[in-house]
Amino acid sequence: MKSNHHSALCASHAAFRKLCLAVSVVLLVVFFPHQRGKADLQNKFHVGEFHFARIVFHTLDDSRNFQDMPPWAHDYPRADRHLLKILAEVTHLRSSGEGYQLVTLEDDQIFKYPWAYVCEVGYMNLTDKEAATLRAYLDRGGFVVVDDFRGAQEWNNFTTQMRKVYPDRGFEQLQLNHPIFQCFYNIKTLEMVPPYAQYLEPAFYGMSDEKGRLQMIVNFNNDIGEYWEWSDEGWMPISLSNEAYKYGVNYVIYALTH
Amino acid sequence: MKQVFEFLLKFKPVVFEQGRLEFQNTNFFFFAIALAAVTFLALLHFHIAGRKLPSSRVPDRRRLLFALRLGALFLILLMLAAPSIVVSEINPRENRLAILVDHSRSMQIQDDPNKSRVAQVRRLLQPQGAFVRRAGEKFQTSFYRFADQAATQDLPEILGSPTDGKSTNLESALERVIQEMAHLTLAGIVIISDGADNASRHLNALVQKLRAQKIPIHTVGVGKERLDNDIELLHASIPRRLVPESVSTALLSLHNRGFGGRKVRVEVRDGEALIQSREITLQFENGVQTVELPFSVSSTGVKNLKFSVEAPPQDLLPQNNWTRTVLEVRDFQPKILYVEGEPRWEYKFLRRALADDRFLLMETLLRTANKKFYRQGIESEDTLAAGFPSQVEELFQYQGLILGTVESSFFTYHQLEMIRDFVGKRGGGFLMAGGKRSFGEGKYQNTPIEEILPIRLLAIGTGDYRESPVRPELTLHARSQSILNLAITETDNARRWKLIPPLEDFHALAEIKPAAMALANAGNSADASVLVATQRYGRGQALIFASGSSWLWRMSMDARDTSHQTFWRQLLRWMVHDVPGPISISYDKAQYVTGESAVVRAEVFNRSYEKASQTSPLLKVTDPQGQTHTYPMEWSAREGGVYSSQAPVDAEGVYRAEVETTIDGQVIREQSHFQTAESNLEFQDAGQHTELLKSLSDQTGGRYYPIEKAGDLPDEIIYQSGKSSHLQVKDLWDAPIFYFLILTLLAAEWSLRRRWGYA
């Protein structure tokens, strides 16, 4: 009996251990990006270098089940790292591949990074604090690249969020002759094919301040960062990856010069 | 003392000063008798003394008695030699004496508690007074009243006319006298003045002319050399030209006598409008101190600024508590070239700080990749198309140059030399900003750029770039200058600098050059690195800002805060505010009074800023009524490229001077302003200028008298040679001094003999 009881206990312990292991695996899978994000929230700032800052934001409730990552983390960190490496390669910009940084809108760290990338804004749900920080960031001269969202619903959510930041500021569609498309590479066309959902028509929008200075560029119906992320895997055509990098390089150079 | 001298020697000291000693009996016979007498007396003395004085002290006593007798004998022999003074003395009433009386405003000053300077002069020149009467006995006197000009007048007219001259021009007065007396026997000129000459230009040359003509100038000094209880604003130093809304600091030099520790206000006004004022404490009981008064002028135009210091009730001369100066505020839009070696945030935010500045233009050349440049703010597509200028003319069209984080090897050696000449020769403003390719990291050691920099670089291979948080700390120099001012008032400025976030990088630049000025340090430790510094280099100004992270000020502070923008605008405006153009205009005086001529000097350069000596500039002067007069300018043979001309100024107000010429087929012109206005020149440095008066007398063989002793002047100045003079032999043998000395010596000898029992 004793041994049976012992065996039963051992079995139950083993089952419990398996359960714990499974739960741990699930938790790790589900929350890994968050854990990783927390680690990357630690400041890696070097004043003489360019950093790829990715904005972490609060999301809508129904966005939690988006694959295994929160929306703001899509393509992170491969897209960020790859763009930094390309920048270091083709420009005189001082940058290392490790200069990517997660920033929230809930503290002042973001103000050390005047160039920031934000994606999946269709699921963005800014708190008042986040909206105020983003507004201050843009007012002081920060530049934001918005990427990886599509469709009317996501657009509506994005513009709703932006009204929290600037109630009276809208977006205008940017044309090819805008300096942001010509400041480093002379981009020939704005018909940048999206990596997926190619039935949607991509467009570039901009938001400017009261003096006409561009503060934000929006890659609507597109996901330029996706090209950056997979550019080393051969999943995307090289020519399109190259084009995607041209946009990315120009966005950075433009922000650094305007 | 003088009377005792005259009693003993019969004549005034001046007779001995001007004359020469002679002996009337100088033949051989006289000297032979004299020698024989001395020898006989000596032998007799030793014979008698040798017999009568056996004691041990005999030799000393014998020598003393002998010396006394010998002294007396010597004096008698001297009298027998008939000493006399031979002195040249002018013939009475045959010579002219010009008496010039100062009638400028400074003669109104009452530095004697009982009477003003002019009252002292009137007392001296009473028609029945000793001075006038005795002068009239010796000379034919001519009286002149002078201030900015001289005029002949009768004495009563002079005594009755007001002392209201706006300036004192001794040169003009002396010239008038020389001209009028050219054909007369002028024995001398007497100047009765406080010596506060403020309008002469070539006085020394005229004095040498008088010296050559042997016309002595005798001067009578009026007034105290040093005034008590007076605060004087000596000078207000400001730039001649400013762009609107920039903060500048006026440096006011105050001379305070007797008000040490007193608090007073200093202020600056444009017309009636108060621009700025502040309270200061007078530091010394008697000394000069410099006071800073930051101010800003927002509107364009020519400003006639009045700086003043409050006069306490006991201030003897409130008239010298202010000064005026012309300031030209205009949108001259100096152009700055900013060269940056890599895309970075400092570039973006510096451009942003100047983006909507109406008064500064900035063209930028950014190296975005290898041999790839991005140009912004350029005038045309051709501007900087080939990169950094390789021709002097192209670079020298800018007024300012900023080098960002760009290594020295980016430039050719010729370009580095051009940059040095841009500052030293062209007079441009230069700034090197910090970064990973700046200063020592950029290997600027031993290059022409190192000469310009106000700091010494560390040795090659010693990295000077530090990535570490550091607070900018203003130095005392910065507090006295407006270069780093973020606000007008001292309190606001200090408060705003306290709010400035730390920088995140700096260069270890500890050693500042001797002529340079550190404005801010990286931290406040004793060995803190220099963060902001400046120095003059040749005709230009060089600055450093040894950090590349001022952009953090913009990103870390509230969007409405303008500190970052103000910092850069102020620094760069200061850097280029006074950069000379191809024509530099200057004047011989800070301000003029009506009736004077302004000497306008122009330095002319060609497009390469070589001095242009083969041109013919014209000076166009527009008076306050708007009338323009044109004058040709003469080339100065002494200095290449320098031309000058004189323009009479007859009206009060601001004059515009424009110099125009043609260089390399291109017409260039420059304008500037000067003023004639209500003047307090006469009350500046208002003590008696004794040194000047003495110098005039000494150089021409005349004499200086304080006015209290001027009564002797008519009797003393007759001893001089001239066209109508004769030699006088004045016997001295019967001077009481001889009898007095002989009696004294003999009496002493006799009394000693009595005491020693030999009589």
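Since this is a predicted model, take the numbers as computed values, not measurements.

(A) Structural view of the overall build of chain A. When helices and strands are counted, chain A shows six helices and seven strands. Listing each helix as α and each strand as β along chain A from the N terminus yields α-β-α-β-β-α-β-α-β-β-β-α-α. The long-range share in chain A, meaning contacts at least 24 apart out of those at least 6 apart in sequence, stands at 75%.

(B) The overall build of chain B, seen in detail. A count of helices and strands for chain B gives 20 helices and 36 strands. In summary, chain B has a C-alpha radius of gyration of 37 Å against a globular reference of 27 Å for 759 residues, an excess of more than 25%. When its C-alpha atoms are laid out on the principal axes, chain B stretches across 120 × 75 × 55 Å. In chain B, 74% of the contacts between residues at least 6 apart in sequence involve partners at least 24 apart.

(C) Looking closely at the domain arrangement of chain B. As assigned here, chain B comprises domain 1 (2-89 + 728-756), domain 2 (93-225 + 687-710), domain 3 (230-327), domain 4 (335-576) and domain 5 (583-676). For domain 1 of chain B versus domain 5 of chain B, the distance between C-alpha centres works out to 73 Å.

(D) Focus on the environment of Gly434(B). Residue and element names in this part refer to chain B. Within the secondary structure layout, Gly434 lies in the loop between strand S20 (429-433) and helix H13 (448-452). For Gly434, a count of 29 C-beta atoms within 10 Å gives the class buried. Distance in space between the C-alpha atoms of Gly434 and Ser549 is 8.2 Å, their sequence separation being 115 residues. If we ignore the near neighbours within four places in the chain, the residues touching Gly434 are Phe439, Asp505, Phe506, His507, Phe545, Ala546, Ser547 and Gly548.

(E) Layout of the pairing of strand S23 (residues 503-507) of chain B. Residue and element names in this part refer to chain B. Burial within S23 is extensive, with five of its five residues counted as buried. Pairing of strand S21 (residues 465-470) with S23 involves four bridges; the strand directions are antiparallel. Following the sheet pairing, Glu467 is matched in S23 by Asp505.

(F) Highlighting the interface of chain A and chain B. Contact with chain A, which involves 20 residues of that partner, is made by 26 residues of chain B. Going through the elements one at a time, helix H3 (128-139) and helix H6 (238-257) of chain A are the ones with two or more residues in the side of chain A that touches chain B. Ranked by residues supplied to the side of chain A that touches chain B, first place goes to H6(A) with three residues. Residues of the side of chain A that touches chain B, tallied by class, amount to ten nonpolar, six polar and four charged.

(G) A look at the nonpolar core. In terms of nonpolar packing, the biggest core is built from 191 residues, with Val118(A), Ile336(B) and Ile544(B) touching the most fellow members. Ranked by residues supplied to this core, first place goes to H6(A) with ten residues. With residues up to four places along the chain from it excluded, the contact list for Ile544(B) reads Leu431(B), Met432(B), Leu453(B), Pro454(B), Ile455(B), Val532(B) and Ala533(B). Listed in part, the 49 residues of the second largest apolar core include Ala135(B), Phe139(B), Phe146(B) and Val190(B).

(H) Broad picture of the packing of helix H1 (residues 2-9) of chain B against helix H20 (residues 736-756) of chain B. Residues and elements named next belong to chain B. Two numbers describe how H1 lies on H20: the axes approach to 5 Å, and their chain directions differ by 85 degrees. Comparing the axis directions of H1 and H20 gives the class roughly perpendicular. Listed contacts from H20 to Phe7, Leu8 and Leu9 of H1 are Pro736, Ile737 and Phe740. Its residues placed into classes, the contact of H1 with H20 shows six nonpolar, no polar and no charged.

(I) Summary view of the sheet that holds strand S15 (residues 322-329) of chain B. Residues and elements named next belong to chain B. Spatially, five strands are ordered S9-S15-S14-S11-S12 in an open sheet, and the strand pairing comes out mixed. Every other strand in the sheet has two partners, leaving strand S9 (241-242) and strand S12 (273-281) as the edge strands with one partner each. In this sheet, S15 lies alongside strand S14 (residues 301-309) in antiparallel orientation, the contact comprising eight bridges. Pairing of Ser308 across the sheet is with Trp322, part of S15.

(J) Broad picture of H20(B). Between its first and last C-alpha atoms H20(B) spans 30 Å; for 21 residues at 1.5 Å apiece the expected length is 30 Å, and the two agree. Remark: Gly757(B) follows H20(B) within two positions and exhibits a positive phi of approximately 75 degrees.

(K) Highlighting the sheet that holds strand S3 (residues 96-102) of chain B. Residues and elements named next belong to chain B. Read across the sheet, six strands follow the order S5-S4-S3-S6-S7-S35 without closing on themselves; strand pairing throughout is mixed. Two strands bound the open sheet, and with one partner strand each, they are strand S5 (150-152) and strand S35 (704-706). This sheet shows a mean twist of 25 degrees between the axes of neighbouring strands, independent of strand direction. Across six bridges, S3 lies against strand S6 (residues 186-193) in parallel orientation. Bridged to Leu100 within S6 is Ile191.

(L) Examining the environment of Asp664(B) more closely. Residue and element names in this part refer to chain B. By the element assignment, Asp664 lies in the loop between strand S33 (653-663) and strand S34 (666-676). A sequence separation of 22 residues divides Asp664 from Ala686, and the C-alpha atoms of the two residues are 50 Å apart. Apart from the residues lying within four places of it in its own chain, the contact partners of Asp664 are Asn606 and Arg607.

(M) Summary view of the pairing of S20(B). Residue and element names in this part refer to chain B. Of all the five residues making up S20, five are buried; the element is thus mostly covered by neighbouring parts of the structure. Neither face of S20 is exposed, since Gly429, Leu431 and Ala433 on one face and Phe430 and Met432 on the opposite face are all buried. When strand S19 (residues 400-403) meets S20, the two strands line up parallel, connected through four bridges. Paired with Ile402 across the bridge in S20 is Leu431. Handedness of the crossover joining S19 and S20 through helix H12 (residues 413-424) is recorded here as right-handed. Across five bridges, the pairing between S20 and strand S26 (residues 540-545) is parallel. Bridging from a neighbouring strand, Met432 pairs with Ile544 of S26.

(N) Structural view of the confidence of the model for chain A. All names here are of chain A. Mean pLDDT over chain A works out to 86, with 82% of the residues at or above the 70 mark. Within the model, pLDDT remains below 50 along residues 1-16, and this stretch shows zero contacts once partners closer than five positions in the same chain are excluded. A low-confidence stretch, residues 18-37 stays under pLDDT 50, and its non-local contacts, those more than four residues away or across chains, total nine contacts.

(O) Fine view of unusual backbone geometry. Cis rather than trans, the peptide bond between Tyr76(A) and Pro77(A) has omega equal to -5 degrees. By the element assignment, Pro77(A) lies in the loop between strand S1 (52-56) and helix H2 (78-90). One non-glycine residue, Lys214(B), adopts positive backbone phi at about 55 degrees.

(P) Looking closely at the environment of Asp209(A). Along the polypeptide, Asp209(A) turns up in the loop between strand S6 (203-208) and strand S7 (214-220). Spatially, the C-alpha atoms of Asp209(A) and Arg135(A) are 11 Å apart, while their sequence positions differ by 74 residues.

(Q) Summary view of the confidence of the model for chain B. Looking at chain B, pLDDT values average 90 and 97% of them are 70 or higher. The ipTM for the predicted assembly is 0.87, set against a pTM of 0.75.

(R) Here's a closer look at H1(B). Within H1(B), only zero of the eight residues are buried, which leaves it mostly out in the open. Where H1(B) ends, the next residue or the one after it, Lys10(B), has phi of about 75 degrees, a positive value.

(S) Structural view of the packing of helix H9 (residues 203-212) of chain B against helix H18 (residues 690-700) of chain B. Residues and elements named next belong to chain B. Running from N to C, H9 and H18 cross one another at 35 degrees; their axes reach a closest spacing of 8 Å. The segment H9 lies against H18, with Val207, Leu210 and Arg211 engaging Leu696, Gln699 and Thr700. Each residue belonging to the contact of H9 with H18 can be placed in one class, and the counts come to three nonpolar, two polar and one charged.

Cut-offs applied
- Each chain has its residues counted from 1, following the order in which its sequence is written.
- Throughout, the order in which chains and ligands are written sets their labels, letters from A for the former and numbers from 1 for the latter.
- pLDDT decides what is reported in this predicted model: residues at 70 or higher carry local features, side-chain atom pairs at 80 or more are listed and counted, and totals for whole chains, interfaces and linings draw on all residues regardless.
- Where helices and strands are cited, they refer to DSSP runs of H or I of at least four residues and of E of at least two residues respectively, numbered from the N terminus.
- Any pair of residues counts as being in contact when their C-beta atoms, constructed from backbone geometry, are within 7 Å of one another.
- Here the radius of gyration uses the C-alpha set of atoms, whereas the globule reference equals 2.2 Å times the residue count to the power 0.38.
- Each domain's extent is set by a domain assignment, obtained either automatically or from a database.
- With C-beta atoms placed from the backbone, a residue is labelled by how many other C-beta atoms lie within 10 Å of its own: buried for 20 or more, exposed for 12 or fewer, partly exposed between the two.
- A pair of strands is considered paired only if DSSP assigns at least 2 bridges between the two.
- Note on residue categories: nonpolar means Ala, Val, Leu, Ile, Met, Phe, Trp, Tyr, Cys or Pro, charged means Asp, Glu, Lys or Arg, and polar means any other residue, Gly included.
- Structurally, a nonpolar core is described as a collection of buried Ala, Val, Leu, Ile, Met, Phe, Trp, Tyr and Cys residues joined by way of C-beta atoms within 7 Å.
- The angle between two axes is taken between their N-to-C directions and runs from 0 to 180 degrees, where each axis is a line fitted to C-alpha atoms and a helix contributes only its stretch in contact.
- Each angle receives one of four descriptions, namely roughly parallel if under 35 degrees, roughly antiparallel if over 145, roughly perpendicular if within 65 to 115, and oblique otherwise.
- The span expected for a helix works out to 1.5 Å for each residue beyond the first.
- Convention used here: a crossover is right-handed provided that the path from the first strand, over the helix, to the second strand proceeds clockwise when the strands point away from the viewer.
- On a scale of 0 to 100, pLDDT captures the predictor's confidence in every residue.

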